[in-house]
Every structure is written in structure tokens, then in C-alpha cells.
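Notes for the structure review
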Amino acid sequence: MEKPLKFKQIFMPYPNPENRYTDYDKKLQPKMEFKPTALEAFFFKHKEKLIEMTIKACENYLDEEDWMAEETFPRVQDLTGQWYLAFVSVKQEEDNKIAVVLYIHFLGYYPRGCAKKEIDDYLGMEAMFYYDPAKKTFLFDGFNTDSI
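The shown structure was predicted, so the numbers you read here are calculated from the model rather than taken from an experiment.

Side note on the side chain of Thr80
Along the chain, Thr80 turns up in strand E3 (residues 79-92). Among the polar contacts listed, one links the side chain of Thr80 to the backbone nitrogen of Gln82, at a separation of 3.0 Å. Beyond its immediate chain neighbours, meaning those up to four positions away, Thr80 contacts Leu107, Gly108, Tyr109 and Ile119.

Structure (C-alpha cells):
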């Protein structure tokens, strides 16, 4: 099957000094939580790899024929291909592993006259990873998806 769209990251222009949840209307940079705060440097060191792994997993998930049908959600034809990072959480677990969550918003097309803009938030995908410091590897742990 030919891929119906190509994913492209967009970057929100406004700083988020109050670290609030964002959406396409607010255009705030992502909300970020690091527990302990020292994990912020860890995240930024691995950010590109984590985003690459997340988008690859999203592409694989959304590449299934099932998402082409009219009555499904998400419906691939309704996606613009654009996405942005909305939320990051990095936490130290009791077993010394590090839990990482990246929540991205995909934009979608909406019909004229709808309560939403013609292009607006459509699909949220929360990708979960664990970092094993002994092996120095990230393991993808799955998705949560929702309509936004």
C-alpha cells in the first residue's frame, strides 16, 4: 500500500513559562515534566532519537489498511500529516529504569461549518518508552490514542 501522507513536524512559536497543556489554538511549546529535574538534560540528550522512534511507530500504526475506511477513527485521509510535540514526561522508576512519555498531536481536516477550524487538532498519540540504563537502550512500550 502506498503511504497516503508524509509526516512533518511543526514547532509551536510561543514559550510556555507556566508549563500549561497546549493545543493548536494556543500554539504553546510543549508542557514538560521531569522527575527528578535532573532528567531534563537526559531528555534533551536523547530527544531526536525519541522523536524519531515515536514517529516511526506512528507511521507503522497508521499504515494499516484499517485506518483507510470511512467509518474508522483515526481515518488517515483526514490527517494533514503535520504534528507537534504537546507534552513530555520523564520519570525515574523504582527499578532504576526511566519512563519516557511523548504525547504528540496530529492535525486533521474538518468540514466547513464544523465547530473546529478547517485544520485543527485531530489525533493525540501518547508513545511510552522505558530506558534501561544497564543496556543503554530505549524500549517502546506502546501507545495510547485519543481524539482531540
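With respect to the pattern of salt bridges
Inspection of the entire model under this criterion finds five salt bridges. Here Arg20 and Glu18 are joined by a salt bridge, their closest N and O atoms 4.0 Å apart. Ionic pairing is found between Lys117 and Asp25, a salt bridge with its closest N-O pair at 2.3 Å. Residue Lys117 is located in the loop between strand E4 (98-109) and strand E5 (119-132), and its partner Asp25 is located in the loop between strand E1 (8-9) and strand E2 (31-35); the two are separated by 92 residues in the primary sequence.

About the thresholds
All residue numbers refer to position in the chain's written sequence, counted from 1. The predicted nature of this model means local features are confined to residues of pLDDT at least 70 and side-chain atom pairs, given and counted, to a pLDDT of 80 or more, with totals for whole chains, interfaces and linings taken over all residues. Each side-chain value is derived from all of the structure's non-hydrogen atoms; neither hydrogens nor water enter the calculation. Secondary structure counts use DSSP, requiring at least four H or I residues in a row for a helix and at least two E residues in a row for a strand, with both numbered from the N terminus. Between N or O atoms, a polar contact is any pair within 3.5 Å; within protein, one atom must be a potential hydrogen donor and the other a potential acceptor, and residues adjacent in sequence are included only when both atoms are from side chains. We call two residues contacting when some pair of their heavy atoms lies within 4.5 Å. The term salt bridge refers to a side-chain nitrogen of Lys or Arg lying within 4 Å of a carboxyl oxygen of Asp or Glu.

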